[in-house]
Amino acid sequence: MRKRYRHPETMIPCSDAEMKLKWSLLVKNRDNYICVRCNKQLSRRPRCGTVAHHIIPVAEGGMHTIDNGITVCLSCHQHVHIKIKKGLGYMEALISDPK
């Protein structure tokens, strides 16, 4: 049986994929498609370098809530994950120098 989630805003039951997409769009819209790390204006077109990133990963207990997401460009998203792999905590990686 497929796991069902509740949409972050409406609390309407939805599938995992539907919920992730809706969460991603809500986060990107809230941030006006601007990378919160480097302030770059990002494209609103699908699959064009705009990523909704979990502040606290779902695997670590984070949820698909708007408050647990930020909009980042692909470059900053990669930077954050490299910093985490090097031992920086999630928040430290998010606020570290984007260059």
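About the cut-offs
Residues numbered from 1 in each chain as written. Predicted model: local features only at pLDDT ≥ 70, side-chain atom pairs only at ≥ 80, totals over all residues. Heavy atoms only, no water. Helix = DSSP H or I, 4+ residues; strand = E, 2+ residues; numbered from the N terminus. Buried < 20%, exposed > 50% of the residue type's maximum accessible area, 1.4 Å probe, protein only. Contact = heavy atoms within 4.5 Å. Areas by Shrake-Rupley, 256 points an atom, 1.4 Å probe, with all protein chains shown as cover. Expected span 1.5 Å × (residues − 1).

Caption draft 1: Representation of the overall build of the chain in the model. Across its full length, the chain carries 3 helices and 4 strands. Its helices and strands in sequence order give the chain the pattern β-β-α-β-β-α-α, from N to C terminus. Looking at the 99 residues of the chain, the share that counts as buried comes to 35%. Long-range pairs, those at least 24 residues apart, make up 45% of the contacts in the chain with a sequence separation of at least 6. For the chain, the accessible area works out to roughly 6,700 Å², and carbon and sulfur atoms hold 56% of it.

Caption draft 2: Seen up close, helix α2 (residues 74-85). A rise of 1.5 Å per residue sets the reference length of α2, with its 12 residues, at 16 Å; its end C-alpha atoms lie 17 Å apart and thus fit the reference within 8%. The inward-facing, buried residues of α2 contact β3 (50-54), β4 (69-73) and α3 (90-95). Count one or two residues on from α2 and you reach Gly87, which has phi positive near 105°.

Caption draft 3: Looking closely at unusual backbone geometry. Of note in this structure, Asn32 is not a glycine but carries a positive phi near 55°. Relative to the elements of secondary structure, Asn32 occurs in the loop between α1 (16-30) and β3.

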